[in-house]
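Single-letter residue listing:
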Number of protein chains: 2
Amino acid sequence: MAEEQTAGAAAAAGPTGQGCSGQHEVLQAVPAHGPHVLGTHQLPVGAAASQQPSWQQYSSVFTASKAGMQNVDKEKVKRVVFEMSKDSAHFKNEQRKQAQVDARIAQLKAKAASISQAELAAHQKAADAKLAQLEAGRDLSRTWLHADMDAFYASVEELDRPDLKSKPMAVGGMGMITTANYEARKFGVRSAMPGFIARKLCPQLAFVKPDFRKYEAASVATRGVFKVYDPHFEAGSLDEAYLDVTDYCAAHSMTGEQVAAELRAGVEAATRLTCSVGIAPNATLAKVASDLNKPNGQALVVSSREAVMAFVHDLPIRKVPGIGKVSEQTLNALGITTCGQLLQQRGLIAALFSSISARFFLGAGLGLGHTQHGGDRGDEGGAGGGSVVARKGISCERTFANMSSSADMEKMADNLVQHLAADMESEGIESKTLTLKLKTTDFAVRTRAVTLAGHVHTAQQMLPPILKLLRAELPCEIRLMGVRGSALRRLTSAGDALDAAAAGGRLNALQRMILQGRKQQQRGEAVEQQQGEQQDEQHCSMVISYRQLAQDLAIMRGSMPSMKQRLLRCHMTCLMMKTRQVLSAAAMVRLAQMARAH
Amino acid sequence: MAEEQTAGAAAAAGPTGQGCSGQHEVLQAVPAHGPHVLGTHQLPVGAAASQQPSWQQYSSVFTASKAGMQNVDKEKVKRVVFEMSKDSAHFKNEQRKQAQVDARIAQLKAKAASISQAELAAHQKAADAKLAQLEAGRDLSRTWLHADMDAFYASVEELDRPDLKSKPMAVGGMGMITTANYEARKFGVRSAMPGFIARKLCPQLAFVKPDFRKYEAASVATRGVFKVYDPHFEAGSLDEAYLDVTDYCAAHSMTGEQVAAELRAGVEAATRLTCSVGIAPNATLAKVASDLNKPNGQALVVSSREAVMAFVHDLPIRKVPGIGKVSEQTLNALGITTCGQLLQQRGLIAALFSSISARFFLGAGLGLGHTQHGGDRGDEGGAGGGSVVARKGISCERTFANMSSSADMEKMADNLVQHLAADMESEGIESKTLTLKLKTTDFAVRTRAVTLAGHVHTAQQMLPPILKLLRAELPCEIRLMGVRGSALRRLTSAGDALDAAAAGGRLNALQRMILQGRKQQQRGEAVEQQQGEQQDEQHCSMVISYRQLAQDLAIMRGSMPSMKQRLLRCHMTCLMMKTRQVLSAAAMVRLAQMARAH
DNA sequence: CTCGTGTCG
DNA sequence: ATACCGACACGAG
DNA sequence: TTGCCGCGT
DNA sequence: AGTCACGCGGCAA
Ligand SMILES: Nc1ncnc2c1ncn2[C@H]1C[C@H](O)[C@@H](COP(=O)(O)OP(=O)(O)OP(=O)(O)O)O1
Ligand SMILES: Nc1ncnc2c1ncn2[C@H]1C[C@H](O)[C@@H](COP(=O)(O)OP(=O)(O)OP(=O)(O)O)O1
Ligand SMILES: [Mg+2]
Ligand SMILES: [Mg+2]
Ligand SMILES: [Mg+2]
Ligand SMILES: [Mg+2]
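Source: prediction; values computed, not measured.

Trainee: Help me get a handle on the coordination of the magnesium ion (ligand 5), residues and values and all.
Mentor: Note on metal sites: the ideal angle is 109.5 degrees for four tetrahedral donors, and 90 or 180 degrees for six octahedral donors. Residue and element names in this part refer to chain B. Looking at the metal site, the magnesium ion (ligand 5) is ligated by Asp148 (OD), Met149 (O) and Asp239 (OD), spaced 1.9 to 2.2 Å from it. Taken together, the six donor atoms coordinating the magnesium ion (ligand 5) and their angles of 81 to 178 degrees define a geometry best described as octahedral. One chain supplies every donor for the magnesium ion (ligand 5), spaced along it as D-M-x89-D. A distance of 3.5 Å spans the gap from the magnesium ion (ligand 5) to the magnesium ion (ligand 6), which Asp148 bridges by coordinating each metal. Linking Asp148 in strand E2 (residues 144–149) with Asp239 in the loop between strand E6 (234–237) and strand E7 (240–244), this pair joins segments that are 91 residues apart in sequence. The burial state of Asp148 is the same as that of Asp239; both residues are buried.

This is the structure in structure tokens:
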């Protein structure tokens, strides 16, 4: 279908024939990543560094290039965000965090500057050895797809509000928006941006309140399609999934691109929603590729070593899943902006970072990623397809109007604990360590934990220790409280038949979903009633989206990060979470309806 | 003579009537301090920070404004220094050190950013209390002078080479110059600058090899004059002294300015050299003031609280003795460039620095300084006038051609130890801990110390432990080696009568000088002979200038400095050193000659 | 105490 | 090509 | 363990 | 006026 490109990646027009698909080619997408931060010159040392802050030096989360935002005036976005932010407590907190990052980076640079030539050469040698080892493990035999819905929540809303399709629209409220359609993105409006700032960027922006049941239903519908191409597909979140289509390709004598096109058509037929797909020899590259020709496009990374290396060479490191704002800054400070430079600077990387971190970065430089489904841990086949891994923790937290009264706070703790207890019962788990989380009005986060003598799961058991933790922090003024259970194990006390089954560990994924849905009906008020008017600002779909996904990669910390097991589990733990997508019974019914509708 | 200025400081033309005196007025001198580093904008965080280094971002030691360099094109100096430096091992080491400083500064800024309003207010309150306490101790009753010879070594050399007076000239060699005359300073040539860079800045620069005996003689001659105005004057180095002229003023019904003018005339008459003088209510301000109207000028800081505060308000912190390159950068990073801002930001300072450091900075902000001679420790009147404080350490070190042969290194250690032993015998001291110092060819400095069972002072005793330390470091390639004794005590074994007296602690300062001079004749070859051609690059006057001065102020370190006893001993320990100026018998004779000559 | 570092001239 | 020497203090380990 | 942080959606 | 909720991993203390 699409001819191969020199960079080893090719774009294909959407099967629906929409003009907006396939307009981006891989190498074009690359320079779209923040070249504006380059080419500036460094402040002469010794100069005053703390004049009045201005928007030029403000580092916004919102300026990294994302799909649909290549043509945005990033300077303007930065300026507007800065103007709206600069006097807020939130901004002050951002500055505090940035100062810490700066300190760590300076530390790292000091370490880098003190490396002798001989040491660097030695580390380079070690890096070369590691590279050879990684290279030996490269597997180009499989074909992966990563499918990701376009502006997912927003597109679902447009199904009910076709009038909004051509207008800038965001899903969320004035406090926070979850996503925005591509019209809105032209203005710089995007996920995780506060609504009031989005409105400043785009005064005509339409706001739609989120309705997670719809998204759940649509998500289930998509999976019905995914399942056709890979019965063991792994969902990364409500709106995305990884598929190993090697077998499907073989069985149907199709290329990955052809399968991708067919899959996209199938998804659109099933949901009237478009998605974008990346085709690559491993899951990580497929994920990167799926973003390149959004919306409603697809991109191929040709399955040869040369093509992969070419693809990765100029790829901005920020595109690599697991390299976020801080890691990007850190590597930039070392002169590294592309994955190719990760290889070039392999000596420096080996010298500065822990062995496992270096392994991850070098892997990114080589364009490696997971090529097999499932993890190294026990999995359990389920009705939705996929594997289940034991969860490590469960939590519930809420943001609310500033609160300082201890009575209010204890009541809030009670509500949260009750919510948590219900979730734990639904999950059939009990916890040995409880953590209280507080966010003070200046956005500083505190956590206080206690490990109990035994495992607990009822509100009655959990509230007293949580209150004890809370009282130790008083007095204080907070804007968020959370409770969390960890050190989990299966709940042994029985409830009904399903509960008993859960206790025995005999649940399959479908049974779990049903159980979840049932529990979900029974509660959902205690916590929310105290939130009052702010409810619309919190965009988790009650139970489901609280646990959308696990991360595939951990990262960075303290003096210097060590991303232990990061490469190892890359896009492996990420996929475990799909069976944690807790679907209500109602959602399943709606899924059936949608499937029938097409 | 000079009318008072609004800033509380006044300048007086030199008594010799030279046109170049008094041309600088206090408030003019202030902005001369590196405004070029201000007004630049900070690098956006997240931007690449390690492109190819360029001269713009190079931080030179040589760009801070010093006397006679107000009109220098600092950008050009920076560029030239950078071009001459950038490929050198020395430069690499400077970068390493700067990276460490950057790291510490970033750390500090992170700490600053995490201070809450309440905390800041609390610290401000504490700072106010400390300020009140400091203010209560302010003493404006005394009149201090600080006299500092103009381009001292260079001016002395011009006595013998009058043809050089109008030409740019430096004292030193291609490796390092000790000072330069004011003609040379117009080109940016200055103390501690490598000669080859100075020549680049000023190709016609004349180089004169240093002759420390001349400077010693001239120094002694100046002291003969100083003694008249304050028999207890305290010398800060060969070329400067502090005088409390309160009594002289009273006895002769003269103002400080009148005394200063008379002193300057006296010094010129005695030496045919000019000096500059600061007049102020304390020693520190006098020192700052003496620099303001160099050369051959004087400056007054009026003895009133208002005048002092006005003087200090816009004074660049770098002018404060004890605040060097690193402290300046550190404070600049907090937005502090002037002493006035030290007061403005008192809350921040109290929050970030140790109590004693904050005390020092606040003291600087108030324009405080020592108002009394002598220290809190035992002093012993001496013939030269002044007090003696027990020394803490004694050392000998040499730079030489890169060396990696262990045989050469052991021979060098032997020579150094012999030199040290001779010095220790001269001083009548023995040491319990020995330190070996190595500077590798990449300019990294290592010290290795050992504390012995008992005190030692002979070369035979000291060499084995030093060799042991040395061998533990092999193999390595070095450019400098040094040996040092500390944990000192009086030598109890007897030599001749003087030695016996020394052992008994009955030496006065004059006796010490004689003893030193005698010892000095006996050695001085072992170490030097191994230096060969590089001898002219080392600019300590053999024995004497090895110990020119003690520091008055300690400062800054690690996470954040605590200048313990800094304010307390400010310009107190600094003055102890005058009796450590070891004068040879020959030098004393020459002094008498010079004194007679005028 | 040991070591590295800042400061002064 | 070529980047000093000596003394002292501080603070982390 | 505890506490804090980075990361993804 | 006004800046989410969740799970997971790394690391230092
Ligand atoms: N920070 C967030 N908080 C809450 N929900 C989020 C957040 N980011 C994303 N979501 C939700 C809304 C999104 O529609 C959905 C899928 O995310 P994602 O695939 O990253 O973007 P998107 O599907 O909206 O746009 P696109 O994939 O076209 O760039 O997850
Ligand atoms: N870094 C150094 N290394 C060795 N000797 C030095 C160094 N700095 C200064 N000296 C010597 C040479 C100087 O003539 C003498 C006095 O120093 P100083 O008073 O600071 O400068 P200066 O007397 O040469 O010029 P001026 O005082 O006019 O600015 O000490
Ligand atoms: Mg999406
Ligand atoms: Mg997605
Ligand atoms: Mg001088
Ligand atoms: Mg001087």
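Trainee: Tell me what's going on with the nonpolar core, and back it up with residues and numbers.
Mentor: One finds Leu145(B), Phe152(B), Leu243(B) and Leu263(B) to be the most contacted residues of the largest nonpolar core, which totals 42 residues. Tyr153(A), Phe233(A), Ala241(A) and Val259(A) belong to the second-largest nonpolar core, a separate cluster that totals 41 residues.

Trainee: A description of the site of ligand 1 should follow, citing residues and the corresponding values.
Mentor: All names here are of chain A. As a matter of local geometry, ligand 1 sits amid 14 residues, with Asp148, Ala151, Thr179, Tyr182 and Arg185 nearest to it. In the environment of ligand 1, an oxygen atom lies 2.6 Å from a nitrogen or oxygen atom belonging to the side chain of Arg185. In this structure, Asp239 approaches ligand 1 through a side-chain N or O atom, which is 2.9 Å from an oxygen atom. The fraction of the free accessible surface of ligand 1 (570 Å²) that becomes covered by protein chains is 70%. Going through the elements one at a time, strand E2 (144–149), helix H5 (152–160), strand E4 (177–180) and helix H6 (182–185) are the ones with two or more residues in the shell around ligand 1. Among the residues making up the shell around ligand 1, the classes are represented as six nonpolar, three polar and five charged.

Trainee: Can you lay out the packing of helix H3 (residues 89–113) of chain A against helix H3 (residues 89–113) of chain B for me, pointing to particular residues and giving the numbers?
Mentor: Their axes nearest at 8 Å, the elements H3(A) and H3(B) cross at an angle of 160 degrees. It follows that H3(A) is roughly antiparallel to H3(B) by the angle criterion. The handedness of the crossing between H3(A) and H3(B) is left-handed. Between H3(A) and H3(B), the residues in contact are Lys92(A), Gln95(A), Arg96(A), Ala99(A), Gln100(A), Asp102(A), Ala103(A), Ala106(A), Gln107(A), Lys109(A), Ala110(A) and Ala113(A) and Lys92(B), Gln95(B), Arg96(B), Ala99(B), Gln100(B), Asp102(B), Ala103(B), Ala106(B), Gln107(B), Lys109(B), Ala110(B) and Ala113(B), respectively. Tallied by class, residues from the contact of H3(A) with H3(B) come to ten nonpolar, six polar and eight charged.

Trainee: Go over the coordination of the magnesium ion (ligand 3) with me, naming the residues and quoting the values.
Mentor: All names here are of chain A. Coordination of the magnesium ion (ligand 3) by the protein comes from Asp148 (OD), Met149 (O) and Asp239 (OD), over a distance range of 1.9 to 2.3 Å. In this structure, the magnesium ion (ligand 3) is surrounded by six donor atoms whose angles at the metal cover 81 to 178 degrees, and the resulting shape is octahedral. Sequence positions of the donors to the magnesium ion (ligand 3) reduce to the motif D-M-x89-D. A distance of 3.5 Å spans the gap from the magnesium ion (ligand 3) to the magnesium ion (ligand 4), which Asp148 bridges by coordinating each metal. Each member of the pair, Asp148 as well as Met149, is classed as buried.

Trainee: Could you give me a rundown of the sheet that holds strand E11 (residues 429–440) of chain B, with the residues and numbers involved?
Mentor: Residues and elements named next belong to chain B. Judged by pairing direction, the sheet is antiparallel, and its four strands sit side by side in the order E10-E13-E11-E12 without closing on themselves. Two strands in the sheet have a free side with no partner beyond their single neighbour: strand E10 (393–403) and strand E12 (445–456). Direction aside, neighbouring strands of the sheet carry axes that sit 15 degrees apart on average. The strands touched by helix H17 (residues 406–427) within the sheet are E10, E11, E12 and strand E13 (478–490), with E10 carrying the most contacts at an inclination of about 155 degrees. Its contacts with the sheet put helix H18 (residues 459–473) on E11, E12 and E13, and the angle it makes with E11 is roughly 30 degrees.

Trainee: So what about the pattern of salt bridges? Which residues, and what values?
Mentor: Residue and element names in this part refer to chain A. Counting across every chain of the model gives 45 salt bridges over all chains. With a shortest N-O distance of 3.3 Å, Glu94 and Lys97 are connected by a salt bridge. Here Glu94 pairs with Lys97, and both are found in helix H3, just three residues apart, close to one helical turn. Given a relative accessible area of 18%, Glu94 falls into the buried group. For Lys97, a relative accessible area of 38% puts it in the partly exposed group. It is possible to trace a salt-bridge network through shared partners that takes in Glu135, Arg138 and Arg305.

Trainee: Kindly report on the sheet that holds strand E3 (residues 169–172) of chain B, identifying the contributing residues and their values.
Mentor: Residue and element names in this part refer to chain B. Ordered by their spatial adjacency, three strands build an open sheet running E4-E3-E5, and the pairing between neighbours is mixed. This sheet does not close on itself; its edge strands, each paired only once, are strand E4 (177–180) and strand E5 (206–208). If you compare each strand with its neighbour and ignore which way they point, the axes differ by 30 degrees on average. Sheet analysis places E3 next to E4, joined by three bridges and oriented antiparallel. Each bridged residue has a counterpart across the sheet, and for Val171 the counterpart in E4 is Thr179. Against the sheet, helix H5 (residues 152–160) makes contact with E3, E4 and E5, and its axis sits at roughly 105 degrees relative to E3, the strand it touches most.

Trainee: Run through unusual backbone geometry, naming residues and quoting values.
Mentor: Residues and elements named next belong to chain A. Of note, the amide linkage connecting Leu474 to Pro475 takes the cis form, showing an omega dihedral of 0 degrees. One can find Pro475 in the loop between helix H18 (459–473) and strand E13 (478–490). Look at Asn296: it is not a glycine, yet its phi comes out positive at around 50 degrees. Accessibility expressed as a relative area gives 2% for Asn296, which makes it buried.

Trainee: Describe the packing of helix H12 (residues 305–313) of chain B against helix H16 (residues 355–366) of chain B, and please don't skip the residues or the numbers.
Mentor: In a packed pair of helices, the relevant descriptors are the angle between the two axes and the axis-to-axis distance. Residues and elements named next belong to chain B. One way to put it is that H12 packs onto H16 with a least axis distance of 7 Å and a crossing angle of 110 degrees. On the basis of the axis angle, H12 is roughly perpendicular to H16. Residues Val308, Met309 and Val312 of H12 form the contact with H16, whose participating residues are Ala364, Gly365 and Leu366. Each residue belonging to the contact of H12 with H16 can be placed in one class, and the counts come to five nonpolar, one polar and no charged.

Trainee: Which residues make up the site of ligand 2, and what are the values?
Mentor: Residues and elements named next belong to chain B. Taken together, 14 residues form the shell around ligand 2, and within it Asp148, Ala151, Thr179, Tyr182 and Arg185 come nearest. Contact distances for ligand 2 include 3.1 Å between an oxygen atom and a backbone N or O atom of Met149. In this structure, Ala151 approaches ligand 2 through a main-chain N or O atom, which is 2.8 Å from an oxygen atom. Burial of ligand 2 by the protein amounts to 71% of the accessible area it has alone, namely 570 Å². Mapped by element, the contributors of at least two residues to the shell around ligand 2 are E2, H5, E4 and helix H6 (182–185). Its residues placed into classes, the shell around ligand 2 shows six nonpolar, three polar and five charged.

Trainee: Before we move on, can you summarise H5(B) with the specific residues and values?
Mentor: All names here are of chain B. Of all nine residues in H5, seven are buried, a share of seventy percent or more. Listed in full, the buried residues belonging to H5 are Phe152, Tyr153, Ala154, Ser155, Val156, Glu157 and Glu158. If you follow the buried residues of H5, they end up packed against E2, E3, E4, E5 and helix H8 (212–229).

Trainee: Give a detailed account of the packing of aromatic side chains, specifying residues and quantitative values.
Mentor: Applying the stated criterion to the full structure yields 20 aromatic pairs over all chains. Where Phe82(A) meets Phe91(A), the ring centres are 5.7 Å apart and the plane angle is 75 degrees; that geometry is what we call edge-to-face. Under the relative-accessibility criterion, Phe82(A) is labelled buried at 4%. For the pair Phe226(B) and Phe233(B), a centre-to-centre distance of 5.8 Å together with 65 degrees between the ring planes defines the contact as edge-to-face. Given the relative accessible area of 1%, Phe226(B) is considered buried. The structure contains a cluster of three or more aromatic residues connected by ring pairs, namely Phe152(A), Tyr153(A), Phe212(A) and Tyr215(A). One residue, Arg185(A), lies across the ring of Tyr182(A), its end atom 4.3 Å from the ring centre.

Trainee: A description of the pairing of strand E6 (residues 234–237) of chain A should follow, citing residues and the corresponding values.
Mentor: Residues and elements named next belong to chain A. When E6 meets strand E7 (residues 240–244), the two strands line up antiparallel, connected through three bridges. Paired with Ala235 across the strands is Ala241, a residue of E7. Between E6 and the antiparallel strand that follows it, E7, lie two residues.

Trainee: Account for the environment of Ser395(A), naming residues and giving values.
Mentor: All names here are of chain A. On the secondary structure map, Ser395 appears in strand E10 (residues 393–403). We classify Ser395 as partly exposed; its relative accessible area is 33%. With 141 residues separating them in the primary sequence, Ser395 and Met254 have C-alpha atoms 44 Å apart. Residues in contact with Ser395, not counting those within four places in the same chain, are Leu420, Val483 and Arg484.

What counts, and where the lines are drawn
- Residues numbered from 1 in each chain as written.
- Chains lettered and ligands numbered in written order.
- Predicted model: local features only at pLDDT ≥ 70, side-chain atom pairs only at ≥ 80, totals over all residues.
- Heavy atoms only, no water.
- Donors = N, O, S within 2.8 Å, 3.2 Å for Na, K, Ca; no water.
- Tetrahedral: all angles 85-135°; square planar, octahedral: opposite > 155°, others 65-115°.
- Helix = DSSP H or I, 4+ residues; strand = E, 2+ residues; numbered from the N terminus.
- Buried < 20%, exposed > 50% of the residue type's maximum accessible area, 1.4 Å probe, protein only.
- Core = buried A, V, L, I, M, F, W, Y, C linked by side-chain atoms within 4.5 Å.
- Near = heavy atom within 4 Å.
- Polar contact = N/O pair within 3.5 Å; in protein donor to acceptor, adjacent residues only side chain to side chain.
- Areas by Shrake-Rupley, 256 points an atom, 1.4 Å probe, with all protein chains shown as cover.
- Nonpolar A, V, L, I, M, F, W, Y, C, P; charged D, E, K, R; others polar.
- Axes fitted to C-alpha atoms, helices over the stretch in contact; angles between N-to-C directions.
- Parallel < 35°, antiparallel > 145°, perpendicular 65-115°, else oblique.
- Left-handed = near helix turned anticlockwise from the far one by under 90°.
- Contact = heavy atoms within 4.5 Å.
- Pairing = 2+ DSSP bridges.
- Salt bridge = Lys/Arg side-chain N within 4 Å of Asp/Glu carboxyl O.
- Phe/Tyr/Trp six-rings, centres within 6.5 Å; stacked < 30°, edge-to-face > 60°.
- Lys NZ or Arg CZ within 6 Å of the ring centre and 35° of its normal.

Everything listed here is a matter of geometry and, on its own, says nothing about what the molecule does.
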